[in-house]
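Remarks on the overall topology
The chain contents come next:
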Amino acid sequence: MDIILAIVIGAGFGAVLDRIGATNPTWIGRMLSLKNLHLMKTILLAIGTASVLMFGGQMLGLVDVGHMSVKTAYVGVFIGGLLLGAGWAASGYCPGTGVCAAATGRKDALFFIAGGLLGAAAYMVTYPMWQGAGLLEGAATTLGAIPGAEYDSLLNLRGDVVGLVLGVLFIVIAAALPGKPTRGAPIPAPAE
Amino acid sequence: MPLNWKSGGVLLGLVFFLAVLLVKPIGVSTQFVILDGIIGDAVNPALVTQAEDGAWTSTNDYLAKSGGKYAKSVANPLNYSFLFVLAMAAGAFASALARGGNGAAENRAPALWRANFGDGAGKRFLVAFLGGFVVLYGARLAGGCTSGHMMSGMMQTAVSGYVFAAGAFLAAVPVALMIYKQEG
């Protein structure tokens, strides 16, 4: 069953990433250089939609809280984020979109994947250094306390309510964000 | 032209919701480690080994961490997360096929690159390679990437997701502004 779900959800994810322009470094670069935030609007709306559905579903008892998987927060998350951000901006690819872009026929994405395999291998070798420096220590923490989950919480608030409110906020920001902040022109109509 | 942000955002959000409803949150970058492990284990079979009690471990500390869960995935590549990434590539391939592909020039170097640096592909391939190295090193240090930390993390109100997104955009925006002066 898991195998079938991996194929169905994975294929859906890859197809949608391609259709929103995330496999195209031009759209990534326009977003990150703040020339055109259309893709940012898409991503924020996606996070908001997923959050509202998940936390709303949890409140109605339709979504299993046990399927959540919150990652640990530690200093290395921020340092790693900085590194990923720099490489993401330069190449126009992140791990998922790089693999998808290569599948759409982009040759530069094959070089990204090769570099990525080498970078991951370099981390596998240098991992003890980061661990020894204590930069990987932390706890899996959510903003509010999510009922039925064991995560630490930052605020003394109900986590599912926080998630629902933030989800709506993400959707509002997605709608409010201008597509082309530098020129003030509207986004061209969709071609689909 | 990509999908409008409204339909694209709802579709992408549905995929992330379905993943957490039916299985677990989406993540990709770990599978670069698993593929490295598979290649490494093919070259040197002593890399990943199974103890008598059935537990998997590795001579590499990173593959052996957390009770050898990565070592186990290396030994059994037909697991959910690895197949997910292969299926993701297949989905993107089918989508590109259905829209008629990217075109030969785009496949060598994207329009934004060509507008800033011309048609030569060699420099683009080098930047993509170096970018890939830094992205995956950073993703493994962070314990996740754009999908696992930023999208899956922030949708779950994970503090780590917000910390990661702050770091990623703090570096990405200045670098993009420096490199890509022309819009493309």
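Note that the structure is a prediction, hence the values are computed from the model and not measured. (Residues numbered from 1 in each chain as written. Chains lettered and ligands numbered in written order. Predicted model: local features only at pLDDT ≥ 70, side-chain atom pairs only at ≥ 80, totals over all residues. Heavy atoms only, no water.)

We now examine the domain arrangement of chain B. All names here are of chain B. On domain assignment, one finds that chain B holds domain 1 (23–101) and domain 2 (104–184). Each of domain 1 and domain 2 was reduced to a C-alpha centroid, and the two centroids are 23 Å apart. At the interface, 10 residues of domain 1 touch 9 residues of domain 2. For the pairing of domain 1 and domain 2, the buried interface totals around 670 Å² over both sides, and the portion due to carbon and sulfur atoms is 56%. On the domain 1 side of the contact with domain 2, Pro25, Ile26 and Ser29 bury the most area, a combined 54% of that side's loss. If you look at where domain 1 meets domain 2, you find 0 salt bridges. Looking at the side of domain 1 that touches domain 2, the elements that each hand over two or more residues are helix H2 (30–43) and helix H3 (61–75). A per-element tally of the side of domain 1 that touches domain 2 places H2 first, with 3 residues. Along the lines of polarity and charge, the residues of the side of domain 1 that touches domain 2 split into 7 nonpolar, 3 polar and no charged. (Domains from an automatic or database assignment. Contact = heavy atoms within 4.5 Å. Buried area = accessible area lost by both parts, 1.4 Å probe. Salt bridge = Lys/Arg side-chain N within 4 Å of Asp/Glu carboxyl O. Helix = DSSP H or I, 4+ residues; strand = E, 2+ residues; numbered from the N terminus. Nonpolar A, V, L, I, M, F, W, Y, C, P; charged D, E, K, R; others polar.)

What follows deals with a nonpolar patch on the surface. All names here are of chain A. Where nonpolar side chains cluster on the molecular surface, the patch consists of Met59, Leu60, Leu62, Val161 and Val165 and spans about 490 Å² of accessible area. Structurally, Val165 can be placed in helix H7 (residues 159–176). The class of Val165 is exposed, set by a relative accessible area of 52%. (Patch = residues over 30% accessible without salt bridge, like charges linked within 9 Å, V, L, I, M, F, W, Y side chains within 5 Å. Areas by Shrake-Rupley, 256 points an atom, 1.4 Å probe, with all protein chains shown as cover. Buried < 20%, exposed > 50% of the residue type's maximum accessible area, 1.4 Å probe, protein only.)

Right, let's talk about the environment of Lys123 of chain B for a bit. Residue and element names in this part refer to chain B. Relative to the assigned elements, Lys123 resides in helix H7 (residues 122–142). Since its relative accessible area comes to 54%, Lys123 is described here as exposed. A sequence separation of 14 residues divides Lys123 from Ala109, and the C-alpha atoms of the two residues are 9.6 Å apart. Apart from residues no more than four positions distant in its own chain, Lys123 is found in contact with Trp113 and Phe117.

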